[in-house]
Amino acid sequence: MKKLSLTAAILATTAMATPSFADGHLRIVDEPLELTIQMNHARYPIYEEDWPVEQVARELTGIHLKNDTVGANMRTDENTGRTEALNLMLAGGAIPDIVGSSRIRDFVNQYGPEGAFIPLNDLIAEHAPNIAAYYATRPDIEAAVKASDGQMYYIPYLPDGKYGRAYWIRTDWLDALGLEMPETVDEYEAVLRAFKTQDPNGNGLDDEVPFFARQWPELIRLVTLWDGRAHGSDTYHDFLVEDGKIGHGYLGEGYRDGIANLARWYSDGLIDAEIFTRGSSARDFLLSENLGGSTHDWFASTSGYNRLSSEIDGFEFKAFAPPASPSGRRIEEHRRILVKPDGWAIGHTNEHVVETIKYFDFWFTEEGRRLANFGVEGQHYDMVDGKPIFKQEFLDAGPVNRSLYQVGSQLQGRGYFQDYNYEIQWSNEFALEGIALYDEGDYLIPDFLGVAFTADEQKVYDRTWGTIRDFMLERQQSWILGSGDVMADWDGYIAQLDSMGMQELLEVMQSAYDRQYGG
C-alpha cells in the first residue's frame, strides 16, 4: 500500500461554538456521488441503504453510501468488537471508501500509518470546519484519537453526558424488612444478607438473589467498595491512569481485598450463583420474577423496570449512592467515556477524499447531529420550541435505542457527537432522580482514554496482553468461585504476571501515554 500524505496547513481555530454550513449548502456535490462502506457492529452488521436516516442524509448531501460489508455474519464478543471482520476485509485487499466499526481505533491506528487508511489531520483542517471546531474545544479528545505518528485516521463516536451506571436496590424490600438505605460497604453487605435470609419477596421460599448483574464484569467492579479498582474505562478489564501513571486495577491490594470479600459473598449466597453464566437476561428475568435485589447497571434502562409495579405489588427499584469503602471513599468507576474506540475511517483507495471528509463533517453540523441522534423529523420526532422531541408513538414502540438503531440513528460505527437529550426523553423520574443524586455526590473518577502504539510497542502489547489478560481473568473467576485463596495466592500471582511480561507491558503503555498526552 502506498503512503498517502496531504500538504495543507492545519487550520488554527479557537472557536467555542460549532459552525454550520451556510444556508442551503449542506449539499456536498452537484451530481449524486456513491461511496462504498463497510460497517460492522453487533447491533447492525451491515449498512442498510434503506435506513430512513441514510435516505435523508443522501438527499441533503448528495452522497449515497453503498453497502460493501464483509464478515457481516461473523460472531464477535465485546472484547474483540468486529476486529475479525476488519481483518477479513484487509486480507481481501479491497478496502471500501469508508470503513465504520466498533473498536476501530486500534485497527486504523495500526494500519493507517502503513497506508491502509487516509490520514485526516489536514483534511479536517481544510474541509471539516465543524469537526475542527469541536477538537479546538476538546484537545484532550483530539489527542486520544491520534495514532503514534500524530495523525488521526478515524472520526470517533463521541458519547454525551456524564453518567452511565449506578447501584440499584429494591427499596420495597428494604421497607418490607424495616431496613435503611445502605451507606457503607458493611451496611450493604448486611442488607444483601437480609435479602438472602429474611424472605423479602414474601413467598416463603429461599429464592431471592441479593446481587446480580447482566455483565459479570460488573461484579468485579464491586472491588471499588474495598478501595480497589477494576476497569479503567467503560471497556472492561482496561488499564487505568492515576496521577499520570499507567497501571492496572487487577494488580492492586484493594483489588486483592475486594476479590477476597466477593469470594466470601459468593460462598454465602449473596451473589447470583449463575453470575458468570446467566448473561444479559439476568436483569429481566430476576426482576420480573421478583427475585433480584440489587445490581449495578445503566440509569435509563434499569429505571424502566419500575413498570413492574403494575404486576408486582409495591415494586420499586431505585438508584443509591456508591457505598463507602472501609476508608470512607465513595466512587463510581463507570462513566460515559469521552471518546469511544468506535467510528469510521477513509480507505486508502477512496478517490473522493475531500467529498468524504465533508460528508463526515456533515454529521457534526446542527442538522446532521440531530439526524444522527433523533432520526427523521416528522417521522420520529417533532421540533418543539426549537428542540427535537420524540413522538409519543415512537417512545411507546419499545426500547428507544433499539428503535433508533433500526432507522439508522445512534450508530456507533458512525463518527458523530451524541446528544444526551435523546436519552433524557426516555429516562423516567427514577433515572433522573438517581442522576441528580450522583451529580450531587460527585462520585465520578477520570477515565483512561487509551493510547496508540508505535510498531515496536504494538509488538510488545500483542505478545503479552492476551495471555496476561486471560491469566488474570482465570484467576479472578476461580478465586470468586472458591478454587484457591486470593490472599494466599497473591504473591505468586504477581510473580507470574511479571514473568509473563507485565512490567514490560506497563513500560510501553507509559511511553505511549506520555507521548500522546504530553506526560
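Structure: see above.
Reading guide: rules and limits
- Residues numbered from 1 in each chain as written.
- Predicted model: local features only at pLDDT ≥ 70, side-chain atom pairs only at ≥ 80, totals over all residues.
- Heavy atoms only, no water.
- Helix = DSSP H or I, 4+ residues; strand = E, 2+ residues; numbered from the N terminus.
- Buried < 20%, exposed > 50% of the residue type's maximum accessible area, 1.4 Å probe, protein only.
- Contact = heavy atoms within 4.5 Å.
- Areas by Shrake-Rupley, 256 points an atom, 1.4 Å probe, with all protein chains shown as cover.
- Lys, Arg positive; Asp, Glu negative; His and termini not counted.
- Charge placed at Lys NZ, Arg CZ, Asp CG, Glu CD.
- Pairing = 2+ DSSP bridges.
- Axes fitted to C-alpha atoms, helices over the stretch in contact; angles between N-to-C directions.
- Polar contact = N/O pair within 3.5 Å; in protein donor to acceptor, adjacent residues only side chain to side chain.
- Phe/Tyr/Trp six-rings, centres within 6.5 Å; stacked < 30°, edge-to-face > 60°.
- Lys NZ or Arg CZ within 6 Å of the ring centre and 35° of its normal.

A. The overall build of the protein chain, seen in detail. Within the protein chain one finds 21 helices and 13 strands. Principal-axis analysis of the C-alpha atoms gives the protein chain an extent of 70 × 60 × 40 Å. Taken over 519 residues, the protein chain has a buried fraction of 56%. Relative to all contacts within the protein chain whose residues are 6 or more apart in sequence, the contacts with residues 24 or more apart total 76%. With the model as given, the accessible surface of the protein chain reaches about 21400 Å², and the carbon-plus-sulfur share is 47%. Of note, the protein chain has its 44 positive side-chain charges centred 2 Å away from the centre of its 83 negative side-chain charges.

B. Layout of the sheet that holds strand 5 (residues 165-170). The four strands lie next to each other as 6-9-5-10, forming an open sheet whose pairing is mixed. The open sheet terminates on both sides in strands that have one partner only, identified here as strand 6 (209-211) and strand 10 (317-320). Mean inter-strand twist for the sheet, computed between neighbouring axes without regard to direction, equals 35°. Relative to strand 9 (residues 292-298), strand 6 runs parallel, the two being bridged by two bridges. Looking across to strand 9, one finds that Val209 is bridged to Gly292. Set on the sheet, helix 18 (residues 429-441) makes contact with strand 5 and strand 10; between it and strand 10 the angle comes to about 15°.

C. Structural context of the side chain of Glu54. With respect to the element layout, Glu54 can be found in helix 1 (residues 52-61). Side-chain polar atoms of Glu54 contact the side chain of Tyr47, separated by 2.8 Å. If near-sequence neighbours (up to four positions away) are discounted, Glu54 is found in contact with Tyr47, Glu48, Glu49, His64, Leu65 and Tyr359.

D. Inspection of the packing of aromatic side chains at higher detail. Following the criterion strictly, the structure yields 41 aromatic pairs and no others. Following the ring pairs from residue to residue traces out a cluster consisting of Tyr163, Trp168, Phe299, Phe315, Phe317, Tyr438 and Tyr443. We note Arg369 situated over the ring of Phe417; from NZ or CZ to the ring centre the distance is 3.9 Å. Just above the ring of Trp363 sits the side chain of Arg414; from NZ or CZ to the centre is 4.0 Å.

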